[in-house]
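So you can see what is in the structure, the chains are spelled out below.
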Amino acid sequence: QVPVVESGGGLVQAGGSMRLSCAASGTFSSIDLMGWFRQFPGNQREWVADISRSGRVEYSDAVKGRFSLSRDSAKNTADLQMNSLKPEDTAVYHCNVDTSIGSSFWGQGTQVTVSS
């Protein structure tokens, strides 16, 4: 069973919006941080945003003002709302979950393609 699953990717035109969802299933110790990374062709991985259990959110400069991350700690889900998308946002988006005992889990990723 995959403990972290992303959904919501696809194809969108530049300037459009898309919402990604991350669901952490299975048995976890307390989840501290839920975040999103993206991986570009050539395997370069970039941090996008993360949200703590208390709700504090941090964004990379590349997405600040365009992306919004929210979390439902009761359901172990984290949603990434992406607005004003650009072709350079094209990547595979991965969800990452960090627990209070130091474990880290990754999802398989979901492809986001922004056409110009």
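Residues numbered from 1 in each chain as written. Predicted model: local features only at pLDDT ≥ 70, side-chain atom pairs only at ≥ 80, totals over all residues. Heavy atoms only, no water.

Participant: Break down the pairing of strand β7 (residues 67-72) for me, citing the residues and quoting the values.
Facilitator: The side chains of a regular strand alternate between both faces of the sheet. Only one face of β7 is buried, namely the one carrying Phe67, Leu69 and Arg71, since none of Ser68, Ser70 and Asp72 on the opposite face is buried. Where β7 meets strand β8 (residues 77-82), six bridges bridge the pair, whose relative direction is antiparallel. Pairing of Ser70 across the sheet is with Asp79, part of β8. Adjacent in sequence and paired antiparallel, β7 and β8 are bridged by four residues, among which Asn76 carries a positive phi angle near 55°. (Buried < 20%, exposed > 50% of the residue type's maximum accessible area, 1.4 Å probe, protein only. Helix = DSSP H or I, 4+ residues; strand = E, 2+ residues; numbered from the N terminus. Pairing = 2+ DSSP bridges.)

Participant: Outline the sheet that holds strand β3 (residues 18-24), supporting the account with residue identities and numerical values.
Facilitator: Taken together, four strands build an open sheet; the order of strands is β1-β3-β8-β7 and the sheet is antiparallel. If you trace the sheet from one side to the other, it starts and ends with β1 (4-7) and β7, each paired once. Within this sheet the neighbouring strands show an average axis-to-axis angle of 15°, counted without direction. Inspection of the sheet shows β3 paired to β8 by six bridges, in the antiparallel sense. Paired with Ser21 across the two strands is Asp79, which belongs to β8. (Axes fitted to C-alpha atoms, helices over the stretch in contact; angles between N-to-C directions.)

Participant: Tell me about the pattern of salt bridges, and please be specific about residues and values.
Facilitator: Summed over all chains, the structure comprises seven salt bridges. Of the charged contacts, one joins Asp89 and Arg38 as a salt bridge, the two residues approaching to 2.9 Å between their closest N and O atoms. With a gap of 51 residues between them, Asp89 in the loop between β8 and β9 (91-99) and Arg38 in strand β4 (residues 31-39) connect regions that are remote in the sequence. A residue is classified by how much of its surface remains accessible, and Arg38, at 3% relative accessible area, is buried. (Salt bridge = Lys/Arg side-chain N within 4 Å of Asp/Glu carboxyl O.)

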